[in-house]
Structures are given as C-alpha cells and as structure tokens.
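# Summary of structural features
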Amino acid sequence: MAEKLIFYILAVITLWASVMVITRKNPVHSVLFLVLAFVTSAGLWVLLEAEFLGIVLILVYVGAVMVLFLFVVMMLDIDLATIRAGFVQNLPLAGLIAAIMAVEILLIVGPGNFGLDAFPKPEPLGAEVSNTRELGLLLYSVYIYPVEIAAVILLLAIVAAIRLTLRRRPDTKFIDPAQQVRVRKGPDRVRLVKMAAEDVAPVVDKGDAQ
Amino acid sequence: MSFDAANLLPILPEIAILITASLVLILDLYLKDQDKGLNHSITLIGLVIAIGLTGAVGGGDAQVFFDGNLIRDPMSDLLKGAILIVSVLTFIYARPWLQDRGMLVGEFYVLGLLAVLGMLIMVSANGFLTLYLGLELQALALYALVAFDRDSSTGAEAAMKYFVLGALGSGLLLYGVSMIYGATGSIEFAPVAAAVAEQGISNKVLVFGIAFLVIGIGFKFGAVPFHMWVPDVYEGGPTPAVLILSSAPKIAAFALAVRMLVDGLHTLHPDWQGMLVILAVLSMGLGNLVAIAQSNIKRMLAYSTISHVGFIFLGLLAGSEQGFAAAMFYTIVYAVMSVGAFGILLILSRQGFDAERLEDLKGLNDRDAWYAAMMALIMFSMAGVPPTVGFMAKLLVLEAVVRIDMLWLALVAVFFSIIGAFYYLRVIKFIYFDKPADDAPALLTSSGVRFAMSLNGLALLALGLFPAALLSVCQAAF
C-alpha cells in the first residue's frame, strides 16, 4: 500500500514537473523542473527494483548532463519573443494534433492493453539479487555488439564536436602563462627607454614588451 | 559465458572500416597540409578492403550472430557491397571540391567512414536495438558533415534543420519500437515475428506501434509528408556532404524499412500497406510537381529524391517477394544515379564557385562532351527512359504493384513519372541546346574522377541493357 502511495506521489510530481518544463517563460526554470522530473523518475525506477538505473539517472543526468545544460542555458542569450512568435497562430492546428495524439495514446497505453491481466506483476526478487551485476553480465555478453557500437557513437560525437567548434583564431588576444613565468628578471621584465625631453611627437616603440 | 570468435567473422567489413577511420583520425594529426591527400588514399584502400571482405565472408544462408543482435544473409551481403561501392565513388568525387576549399582534412574522411559504418550496421541488424544504434551512428555523422563548412551560415542552418527533424524522427521511431516491445516482449526480429503471428492483427498496440515505425521510416527516407528537411538540407549543405547524404543512406533506409516491416512485422502487412500507399502517392505527386518549379539544381534533385522514394515504397507495399526485390533493385540503382548527378555538380564546381543553379549546366556539351554524355545518361535513367536502368527499375516496381491488383496505383505512378520526365529532360536541353556562359572555363578533372564518372554513367547503361545479374541477386535476397 505504501508502495502505491509513493508511486502516485512520484508520478504526479513527474507529470507536473514535465508540464512546467514546457510552459515556463524562463529557460533556467525549465531546466530546473527537468531536473525535478528526472529525480522523481529515478524514484520510480527504484520502486521498480531497478536501483542501479535509478542511481545512474541521478548521477549521470542530474549530476552531470543537466548541470552542464544549466550552464549552457544561462550563458545563451535566448530571445523568447522570436521563439514565441506565431504561437497563437499555430495553436489551433498544433492543439488539434496534440489532442488526437493524446486520445490515441490514452486509448492504447491504458489498462485495456497493458493491464495486470496482460502483464501480471512479476515476483519481487530476493535481496541477494544484484541488478548491477545482472546488468553488467548482460551488457558484456549478450549485448556486447550494441555496447561496442555505442562506444563508436561516443567517439564520433567527440570528433564531430571538435570539428564543429575548434577554430584557429589568430586575431584573438590571449596570454600564454607558460611564457609569462619564463620571463627572467632584468632586461626581459623592465626595459628602459631613453627619450629626449622634448616637446615633439613621442617615438613609437615597435618592439613588443615580453 | 564464452565468446565465440566466429562471431567476429561476419563483421570483418565493419571492423575494417572502423580501423580505417581510426587510422585516418590518428595519422591526420601528423600529416602536413600538403600531405592530407594520404587520408583520401587510406580511406579508399580501407573501403576496397571492406568490399573484398564483404565478398569473402558473404554468401550462403542467413546466420545469426552475437546472441541475435546481428544477421548475415544474402540481403545484408548485397546491400553492404552496394553501400561500400557507392561510398568509394562519393569519396573520389568529393576530393577536388574539398581540396579547392582547404577542407581536405582528416575529419571529413573520419565522419564519412563512420557514416558508412553506421549504414553497414543497420543493414545487418537483427534487432531493433542494433538497428537504432546503427541509424544514430549514421545520422550523427551526417549531421556533422552537413555542418562541415563552419563558415557557411546556410550549411549551419541546414544542419540544424536536419538535426532537429532527424532527432524527432528517431524519437518517433523509438516510441514505435517501445510499443512493439510492449506487445511482443522482444526487440529481436525473429521472436517479434513469432509473437505477432501468434497474436494476429487484432492487437491494437502493434498497429499503433507500426504507425510510429512508418513515420520514422518516412522521416529517414524523406517521404511526403515527412520530407520538409530534404530540400533545405540538399540546398544548404556543402555539395560533398549532400553527395554522401543522398546516395548510400537511402540504401540503409531501405534496409531499415525491410528489417522492421518485413523481418519483424510481415504478418501485419495489411496494416502497413495502407500507410505506405499514402506516403508513396503523396511523395510521387508532390516530389515531381514541385521539382518542376525549382531553379536550383540541388533543390530540384532533392524533390526528385522524394519522388523516387515514392517508387521505392511502391515495391515495398506490394508485400510480395518480387516487390521487395524490385524495391531493392530500385534503391541500389537510385543510389548510383544520385551519386552520379551530384558528382557532376562537384565536377562543375571550381575554386570559389559552386554549381547550384540549373543554368550552370548550360552548354556542358561544349565544355566537355564526355561528362555531358554521362549527365545525360543519369538524367535519362532518373526519368526512366529505356535503355537505361531507370526504366527497368520503374518497370519492376510497377509490375509488383500490378500483380497485387492495384492497377490504379500503377497508373498514378506512371502519370507522375511522365510529369517528372519534364524536368529531367529540361536538364538535358540545358546541356545540349544552350550556349555556355562566357566566363565558364574548361573543366579540369583528374583522371581518377573521369574514370569513376565514366564507370558510374556507363554502369547505368550496362545495367539497363543487362539487368539480369543484379536483379537475380536482388531476388535471391528474399
């Protein structure tokens, strides 16, 4: 009974947070609500006895991906007015399609097709079963081929990201700390320039001071 | 749980491609700018080795490996071979363009090779998981290739559109897969097929899942009404990326459709047939009609792609072995035609100039009669004029449709392909009956490009005159 109660609480929070993600005006709020949705879905997974996946969801998604995402969203200068342009204009058609989809999904993914008689509740596993171990064994035996492909996808992501963002910018002004600390005392650091005390245009020194 | 090394045998072509990509990736770090051509040579050698390996490990009946994640059957052998051969042509055509623009860098080859790897994985997938991973590998590489020219804002825009709509398509596909998994309890095609046969077509969840699968397939193929990305990506992307995008991935998309709909859900043929009929009619209609209005040849070829996809669907929806073989024949032939057409555009481009408008083809015959003849062959083949192979391909899919008593569909297809002939023949008119622009220089191409293009164009003629060889291989696959 307690399980059921927890499930409904988590499920309601997940749905509410998801709706907030797409309705908030401030993108930072949206990201934070997404974090909340992830945390509650992690709770749902733990209820399903998939503790490892639940923890990984928190560690990887909430801990790493979403934090990174939050930084990106904070740094972007998003013009909400252009994003929202045409919202009202497109609303009738989009709303109609969304309503049809929602009704279809509710009809299909309901107790009629996915009820307890079609999918009986599995027996709870004993405390000695470690789903981390089971997952690991499956991943590196039966699913070794997909795991390897996923590894190649990650390699590709690295190559693509570097290719798309790494540019040489000769005009950027930056300081090389290695060069800075290598400067010796004496002539490198201070250079005395002799100037005549006259009231003419000063001599421009072309040499750059290290 | 022991691992049988025999599992590695059927993926030797994939391993060869991955090793080549890694080699290029590392070697590129140490190459000086003037030696970057070595990347190109290594890539071609790797592809040729992979073709050889495909032939060596191929043949024989279907076998399943990697605990049901991988299948090697006549279809995978043939499609792998076709993808690799078409890819060799793409890399040969792309090189001068890249060199002229200082983009002859290792990343292009790495991304291209990984896209090829993704297609090979898709072709030999035996479960939804492997299929999806292969699809993502291919798609991610292609997104990056479309954005490859970092200084081009149209390229970035095209890549963005492609990425967003591609991700949407993948998401819908996955949703469909989750429904199929929910109804059948498996993500492997053979158990799915068994479970579907047991439950029959009364299961609404399956039909609901199929609707999403078909939408996903439509997105990946670029069929109407999921075609919005095609013209923009073709027009905005750099031509070598479009060259890769428009050819071999269509073969992989065909494998995607066949693996899911035929290997997994053939029993539900009546359900997906209706959906494919809609996609096919809309694609042929809209593709051919809108292509007429285009003045940009890349955009015109994009709409022509859409119409060809309609024809491929005709063969698929027939649901007969003959229909599948015809669709496969059509897909392979289409890939060869498309690679040739974009290859000519690359040949016409030069430093600081991209051939993009139809007028850029004007007087090609006066500038280089041989290339003009090849382009004419390609255009005749796309229009479906005998004796080129395009005619044979269209005939076969129409035959498949007529055999299942859908005569009206065949008539619609013929009607739209006659309309389509107009814009293909207009290109030929530009090539032969118009004078070249005054500032058009003579075409300078390497002997390698000339040889590849000759092979490409003449293959369309040869396959049209002697289609039996390729056709019998296609028929053996089903």
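Residues numbered from 1 in each chain as written. Chains lettered and ligands numbered in written order. Predicted model: local features only at pLDDT ≥ 70, side-chain atom pairs only at ≥ 80, totals over all residues. Heavy atoms only, no water.

## What about the overall build of chain B?
Scanning chain B for helices and strands turns up 20 helices and two strands. By the compact-globule yardstick of 23 Å for 478 residues, chain B fits well, its C-alpha radius of gyration being 21 Å. Seen through its principal axes, chain B has C-alpha atoms that stretch 70 × 55 × 40 Å. Here chain B, with 478 residues, has 63% of them falling under the buried criterion. Across chain B, contacts joining residues at least 24 apart in sequence account for 80% of those joining residues at least 6 apart. Entry remark: accessible area of chain B is about 16400 Å², with carbon and sulfur atoms responsible for 67%. In chain B, which carries 24 positive and 33 negative side-chain charges, the distance between the mean positions of the two groups comes to 7 Å. (Helix = DSSP H or I, 4+ residues; strand = E, 2+ residues; numbered from the N terminus. Rg over C-alpha atoms; globule rule 2.2 N^0.38 Å. Buried < 20%, exposed > 50% of the residue type's maximum accessible area, 1.4 Å probe, protein only. Contact = heavy atoms within 4.5 Å. Areas by Shrake-Rupley, 256 points an atom, 1.4 Å probe, with all protein chains shown as cover. Lys, Arg positive; Asp, Glu negative; His and termini not counted. Charge placed at Lys NZ, Arg CZ, Asp CG, Glu CD.)

## Remarks on the overall build of chain A
Along chain A, the regular secondary structure elements total nine helices and zero strands. Mapped in sequence order, the helices and strands of chain A form the string α-α-α-α-α-α-α-α-α. What you see for chain A is a C-alpha radius of gyration of 30 Å, clearly larger than the 17 Å of a compact globule of 210 residues, by over 25%. C-alpha atoms of chain A, sized along the principal axes, occupy 100 × 55 × 35 Å. Taking all 210 residues of chain A together, 19% fall into the buried category.

## Considering the packing of helix α17 (residues 389-403) of chain B against helix α18 (residues 407-433) of chain B
Packed helix pairs are characterised by how far apart their axes lie and by the angle those axes make with each other. Residues and elements named next belong to chain B. The geometry of α17 relative to α18 is characterised by a closest axis approach of 7 Å and an angle of 155° between their N-to-C directions. Relative to α18, α17 is oriented roughly antiparallel. Between α17 and α18 lies a crossing of right-handed hand. For the pair formed by α17 and α18, the contact residues are K394, L398, V401 and V402 on the first element and L407, L409, A410, A413, V414 and S417 on the second. Each residue belonging to the contact of α17 with α18 can be placed in one class, and the counts come to eight nonpolar, one polar and one charged. (Axes fitted to C-alpha atoms, helices over the stretch in contact; angles between N-to-C directions. Parallel < 35°, antiparallel > 145°, perpendicular 65-115°, else oblique. Left-handed = near helix turned anticlockwise from the far one by under 90°. Nonpolar A, V, L, I, M, F, W, Y, C, P; charged D, E, K, R; others polar.)

## Side note on the environment of P170 of chain A
Residues and elements named next belong to chain A. Secondary-structure assignment places P170 in the loop between α8 (144-165) and α9 (177-181). A relative accessible area of 78% means that P170 is categorised as exposed. Sequence-wise, P170 and E128 are 42 residues apart; in three dimensions their C-alpha atoms are separated by 61 Å.

## Here we look at the UniProt feature "transmembrane region" (unreviewed entry) in chain A
Residues and elements named next belong to chain A. Using the residue numbers shown here, the UniProt feature "transmembrane region" (unreviewed entry) corresponds to residues 6-23, 30-48, 54-78, 90-110 and 143-166. Helix makes up 95% of residues 30-48 and strand 0%, and the two end C-alpha atoms of the span are 27 Å apart. For residues 143-166, helix accounts for 92% and strand for 0%, while the C-alpha atoms at its two ends are 35 Å apart. (UniProt positions renumbered as here; feature names shortened; annotations may be inferred.)

## Regarding unusual backbone geometry
All names here are of chain B. Each neighbour pair has its own omega, and for V224 with P225 the value is 5°, a cis peptide bond. Relative to the assigned elements, P225 resides in the loop between α8 (204-221) and α9 (229-236). Phi is positive for D67, close to 50°, though the residue is something other than glycine. Residue position: D67 is located in the loop between β1 (63-65) and β2 (70-72).

## Regarding the nonpolar core
Ranked by internal contacts, the top residues of the largest apolar core, which has 202 residues, are L265, W272, F313, L314 and F329 of chain B. Listed in part, the nine residues of the second largest apolar core include V31, V35, A42 and V62 of chain A. (Core = buried A, V, L, I, M, F, W, Y, C linked by side-chain atoms within 4.5 Å.)

## Digging into a nonpolar patch on the surface
On the surface, I55, L59, V60, Y61 and V65 of chain A cluster together to form a nonpolar patch covering roughly 450 Å² of accessible area. Relative to the assigned elements, V60 of chain A resides in helix α3 (residues 51-75). (Patch = residues over 30% accessible without salt bridge, like charges linked within 9 Å, V, L, I, M, F, W, Y side chains within 5 Å. Salt bridge = Lys/Arg side-chain N within 4 Å of Asp/Glu carboxyl O.)

## As for the packing of aromatic side chains
Inspection of the entire model under this criterion finds 22 aromatic pairs over all chains. Pairing F7 of chain A with Y8 of chain A gives two aromatic rings, centres 5.3 Å apart and planes at 75°, and the pair type is edge-to-face. Taking the relative accessible area as the measure of exposure, Y8 of chain A reaches 51% and is therefore exposed. Of the aromatic side chains, those joined through ring pairs into one cluster are F91, F108, Y109 and F148 of chain B. The ring of F353 of chain B carries the charged tip of R350 of chain B above its face, separated from the ring centre by 4.3 Å. (Phe/Tyr/Trp six-rings, centres within 6.5 Å; stacked < 30°, edge-to-face > 60°. Lys NZ or Arg CZ within 6 Å of the ring centre and 35° of its normal.)

## Topic: the environment of F219 of chain B
Mapped onto the elements, F219 of chain B comes out in helix α8. Residues in contact with F219 of chain B, not counting those within four places in the same chain, are L165, L168, G169, L172, F226 and W229 of chain B.

## Looking at the interface of chain B and chain A
Taken together, the 39 residues of chain B in the interface contact 26 residues of chain A. At the boundary of chain B with chain A, total buried surface from both sides reaches about 2900 Å², with 78% on carbon and sulfur atoms. Applying the counting criterion to the chain B and chain A interface returns four residue pairs in polar contact (both at pLDDT 80 or more). Taken together, the elements giving at least two residues each to the side of chain B that touches chain A come down to α1 (12-30), α4 (106-123), α5 (128-146), α6 (153-184) and α8 of chain B. For the side of chain B that touches chain A, the leading source of residues is α5 of chain B, giving nine residues. Partitioned by chemical class, the residues of the side of chain B that touches chain A number 27 nonpolar, five polar and seven charged. (Buried area = accessible area lost by both parts, 1.4 Å probe. Polar contact = N/O pair within 3.5 Å; in protein donor to acceptor, adjacent residues only side chain to side chain.)

## Quick look at the pattern of salt bridges
Residue and element names in this part refer to chain B. Under the definition given, this model contains 17 salt bridges over all chains. With its nearest N and O atoms 3.1 Å apart, the salt bridge here joins R259 to D73. Residue R259 is located in helix α11 (residues 248-264), and its partner D73 is located in the loop between β2 and α3 (74-100); the two are separated by 186 residues in the primary sequence. A salt bridge links R101 to D354; the shortest N-O distance between them is 3.1 Å. Placement of the pair is R101 in the loop between α3 and α4 and D354 in the loop between α14 (321-348) and α15 (364-367), with a sequence separation of 253 residues. Overall, the relative accessible area of 21% leaves R101 in the partly exposed class. A relative accessible area of 29% means that D354 is categorised as partly exposed. Each member of the salt-bridge network shares a partner with another, and the members are E157, K161, D232, E235 and R299.

## Brief notes about helix α2 (residues 37-57) of chain B
All names here are of chain B. End to end, α2 covers 30 Å across 21 residues, agreeing with the expected 30 Å (1.5 Å per residue, within 8%). G37, N39, H40, I42, T43, L44, G46, L47, A50, T54 and V57 are the residues of α2 that are buried. For α2, the secondary structure elements touched by its buried residues are α1, β2, α3 and α4. (Expected span 1.5 Å × (residues − 1).)

## Some details on the environment of A257 of chain B
Residue and element names in this part refer to chain B. In this fold, A257 is placed in helix α11. Separated by 44 residues in sequence, A257 and L213 place their C-alpha atoms 8.7 Å apart. Those residues in contact with A257 that sit more than four places away from it in its chain are I217, F221, V262 and L316.

## Details of the packing of α4 of chain B against α5 of chain B
All names here are of chain B. Orientation of α4 relative to α5, taken along the N-to-C sense of each, is 155°, at an axis distance of 7 Å. One finds that α4 runs roughly antiparallel with respect to α5. The way α4 lies across α5 gives a crossing that is left-handed. Where α4 abuts α5, its residues F108, L111, G112, L114, A115, L117, G118, M119, I121 and M122 lie against T130, L131, G134, L135, L137, Q138, A141, L142, A144 and L145.

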